[in-house]
Amino acid sequence: MLATSVKLSRLLFLMVFLITLAFSQKAEAQGFFQFGQNKVNYEMFNWRYIETDHFDIYYYDSKNYYIAEFAAHTLESSLEQARMDWNHQINDRIPVILYDSSTDFAQTNVIPMIIPQSVGGVTDLYRNRITMPFDGDYDRFRHILQHELSHAVSNDFFYGGSLQNVVQNNIQFQRPLWFEEGLAEFVSLGWDTDTDMFMRDLVVNANIPQIPQLGGFLAYRGGQSVWYYIVEEYGREKIPEILERSRVTRSVQGGMRQALGLSMSELTERWQDWLKERYYPEIAKRERVRDIGRNVTRENFRGAFNTSPTISPQGDKMAMITNRRGYFDVVLVETSTGEKIRTVVRGEDDVDFEELNILNPNLTWSPDGQRLALSTRADGKIDIAIVDIDE
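The notes below deal with the structure included here.

Each value, and the rule that gives it
- Residues numbered from 1 in each chain as written.
- Predicted model: local features only at pLDDT ≥ 70, side-chain atom pairs only at ≥ 80, totals over all residues.
- Heavy atoms only, no water.
- Patch = residues over 30% accessible without salt bridge, like charges linked within 9 Å, V, L, I, M, F, W, Y side chains within 5 Å.
- Areas by Shrake-Rupley, 256 points an atom, 1.4 Å probe, with all protein chains shown as cover.
- Salt bridge = Lys/Arg side-chain N within 4 Å of Asp/Glu carboxyl O.
- Lys, Arg positive; Asp, Glu negative; His and termini not counted.
- Charge placed at Lys NZ, Arg CZ, Asp CG, Glu CD.
- Buried < 20%, exposed > 50% of the residue type's maximum accessible area, 1.4 Å probe, protein only.
- Axes fitted to C-alpha atoms, helices over the stretch in contact; angles between N-to-C directions.
- Helix = DSSP H or I, 4+ residues; strand = E, 2+ residues; numbered from the N terminus.
- Parallel < 35°, antiparallel > 145°, perpendicular 65-115°, else oblique.
- Contact = heavy atoms within 4.5 Å.
- Nonpolar A, V, L, I, M, F, W, Y, C, P; charged D, E, K, R; others polar.
- Expected span 1.5 Å × (residues − 1).
- Pairing = 2+ DSSP bridges.
- Polar contact = N/O pair within 3.5 Å; in protein donor to acceptor, adjacent residues only side chain to side chain.
- Phe/Tyr/Trp six-rings, centres within 6.5 Å; stacked < 30°, edge-to-face > 60°.
- Lys NZ or Arg CZ within 6 Å of the ring centre and 35° of its normal.
- Left-handed = near helix turned anticlockwise from the far one by under 90°.

### Re a negative patch on the surface
Line of reasoning, step 1. Judged by side-chain charge, Glu266, Glu269, Asp273 and Glu277 come together as a negatively charged surface patch.
Line of reasoning, step 2. Residue glutamate 266 is classed as partly exposed on the basis of its relative accessible area, which comes to 36%.

### Comments concerning the packing of helix H8 (residues 217–234) against helix H11 (residues 264–283)
Line of reasoning, step 1. Direction vectors running N to C along H8 and H11 enclose 90 degrees, while the axes themselves pass 10 Å from each other. Judged on the interaxial angle alone, H11 and H8 are roughly perpendicular. Residues Gly222, Ser225, Val226, Tyr228, Tyr229, Ile230 and Tyr234 of H8 form the contact with H11, whose own contacting residues are Leu267, Arg270, Trp271, Trp274 and Arg278.
Line of reasoning, step 2. Residues of the contact of H8 with H11, tallied by class, amount to 8 nonpolar, 2 polar and 2 charged.

### Examining H8
Since the α-helix packs 3.6 residues into each turn, any two residues three or four apart lie on the same face.
Line of reasoning, step 1. Between its first and last C-alpha, H8 extends 26 Å over 18 residues, near the 26 Å set by a 1.5 Å rise per residue.
Line of reasoning, step 2. In terms of burial, H8 is largely enclosed, as 13 of its 18 residues are buried.
Line of reasoning, step 3. Directly beyond the C-terminal end of H8, a positive phi value near 95 degrees is found at glycine 235.

### Looking at the sheet that holds strand S1 (residues 47–51)
Line of reasoning, step 1. Ordered in space as S1-S2-S3-S5-S4, the 5 strands form an open sheet in which the pairing is mixed. Of all the strands in the sheet, just S1 and strand S4 (122–124) have a single pairing partner and so form its edges. Averaged over all pairs of adjacent strands, the angle between strand axes in this sheet comes to 20 degrees, irrespective of strand direction.
Line of reasoning, step 2. Examined bridge by bridge, strand S3 (residues 94–99) and strand S5 (residues 129–133) share 4 bridges and lie parallel to one another. Bridging across to S5, leucine 98 finds its partner in methionine 132.
Line of reasoning, step 3. Taken strand by strand, helix H2 (residues 65–86) contacts S1, strand S2 (55–60) and S3, and its axis lies near 160 degrees from that of S2.

### With respect to the sheet that holds strand S6 (residues 306–311)
Line of reasoning, step 1. Spatial strand order, S6-S7-S8-S9: 4 strands in an open sheet with antiparallel pairing. The sheet is open, and its two edges are formed by S6 and strand S9 (340–346), each paired on a single side. Here the average twist between neighbouring strands, direction ignored, is 25 degrees.
Line of reasoning, step 2. Looking at chain direction, S6 and strand S7 (residues 317–322) are connected through 4 bridges and run antiparallel. The partner of threonine 307 across the bridge, within S7, is isoleucine 321.

### Notes on the side chain of serine 366
Line of reasoning, step 1. Considering the arrangement of structural elements, one finds serine 366 in the loop between strand S11 (364–365) and strand S12 (371–378).
Line of reasoning, step 2. Since its relative accessible area comes to 11%, serine 366 is described here as buried.
Line of reasoning, step 3. Looking at serine 366, its side chain comes within polar contact range of the side chain of aspartate 368, at 2.5 Å.
Line of reasoning, step 4. For serine 366, the contacting residues outside a window of four places in its chain are Pro313 and Arg371.

### Looking at the packing of aromatic side chains
Line of reasoning, step 1. In total, this model carries 26 aromatic pairs according to the counting rule given.
Line of reasoning, step 2. Relative to tyrosine 66, the ring of tyrosine 65 has its centre 5.8 Å away and its plane inclined at 75 degrees; by these criteria the two rings are edge-to-face.
Line of reasoning, step 3. Look at tyrosine 65 and you get partly exposed, because its relative accessible area is 33%.
Line of reasoning, step 4. In textbook terms, an aromatic cluster arises when at least three aromatic residues are bridged by ring pairs, as seen for Phe186, Trp191, Tyr228, Tyr229, Tyr234 and Trp274.
Line of reasoning, step 5. For the cation-ring pair, arginine 247 lies above phenylalanine 157, with the distance from its terminal atom to the ring centre recorded as 3.9 Å.
Line of reasoning, step 6. Here arginine 324 stacks its cationic end above the ring of phenylalanine 301, 5.1 Å away from the centre of that ring.

### Concerning the packing of helix H4 (residues 138–159) against helix H6 (residues 177–189)
Line of reasoning, step 1. Running from N to C, H4 and H6 point in directions that differ by 130 degrees, and their axes come no closer than 8 Å. Here H4 lies oblique to H6, going by the angle between them. Judged by the twist between their axes, the crossing of H4 over H6 is right-handed. Contact residues: H4 offers His143, Gln146, His147, Ser150, His151, Ser154 and Phe158, while H6 offers Phe179, Glu180, Glu181, Ala184, Glu185, Val187, Ser188 and Leu189.
Line of reasoning, step 2. Tallied by class, the residues present in the contact of H4 with H6 amount to 5 nonpolar, 7 polar and 3 charged.

### Some points on the pattern of salt bridges
Line of reasoning, step 1. Applying the stated criterion to the full structure yields 22 salt bridges.
Line of reasoning, step 2. Aspartate 56 is paired through a salt bridge with arginine 93; the nearest N and O atoms lie 2.8 Å apart. Of this pair, aspartate 56 sits in strand S2 while arginine 93 sits in the loop between H2 and S3, and the two are 37 residues apart along the sequence.
Line of reasoning, step 3. For arginine 93, a relative accessible area of 37% corresponds to the partly exposed category.
Line of reasoning, step 4. For the salt bridge of glutamate 282 with arginine 200, the shortest nitrogen-to-oxygen distance reads 2.9 Å. Taken together, the positions of glutamate 282 in helix H11 and arginine 200 in helix H7 (residues 193–204) put the pair 82 residues apart, joining distant regions of the chain.
Line of reasoning, step 5. With a relative accessible area of 24%, glutamate 282 lands in the partly exposed category.
Line of reasoning, step 6. The exposure class of arginine 200 is buried, given its relative accessible area of 17%.

### With respect to the pairing of S9
Line of reasoning, step 1. In terms of strand pairing, strand S8 (residues 329–334) meets S9 through 5 bridges, oriented antiparallel. Bridge pairing in S9 places valine 333 opposite lysine 340.
Line of reasoning, step 2. The loop that links S8 with its antiparallel partner S9 comprises 5 residues; one of these, glycine 338, has a positive phi angle of about 80 degrees.

This is the structure:
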């Protein structure tokens, strides 16, 4: 009875999905979801594309041709390594849609959701299509291209074929975030300084979770370290074996057990021991932060996301970005007490500060300590704002 109920539930889900998809396609054809009507659009783009052996790379304006050309070379060369890691040849061509800035990317209707700053690119499952911006950093651009390519190859490997197979297989086998995003980070970066720093901090603070509990940002950094450990300990040839056995068993735990001979709890224990052996020797050499400093945001900004701190030239004030009220604001804090002095910028609900740059520290003081400079997005453009702290 239970097996029959599960089959009926899957069939019902498939029917609802296909009906919804058909309606969406009909609505799009009739103009309900036309470009520019779901999000605020500031520009119209004159789209062109490059064909390579395996990709259709879309770009706009002739000045962006070199970005598309760079993407073409990166993706084709990266696909060779992906073939070995997945032991798989992709079935269909992969569309790649490139925007030449994050502000242009935020206007896309290829992706229906509102795109936050933290999203560097998206690969949608049902069309297996990569959409992403170029932010001016070619190393980061290469990394995200390779990261999104790994998702596209993985989608094709696990769920490729007809639309029915995509839906059916996705119901039967959900890949954990640490497994999917961690692998994408590993194949695109290997091991990098930021992840090394992040994992060291977890070990130093005795805060290493179990592998199945690696969620949110930890799914990326922690998942990357899990795959790095597996490759270091068992060799890179274990990647395609784990992927194949996971696909066959429809279970990551089953795939790990068959490929490595370890349960998830055993793999977690070995991974944690490896991290401790790697970072414990550094603990004895480090000063404890509480012995040399004080947390000035713990009492008054507990539970908020606080970022981009910068001390005034006189040392008596600190400016930072915080979402304590639910929106990101720029506030002044008394360094001696940690108490809030005032809000300098009410971000996000102010038309001149629609979005603050929370991922890259961007606040700086004038030499006299009377003004702050910061980057902001408004009217589809990124500007530099200079704010008097006393107004």
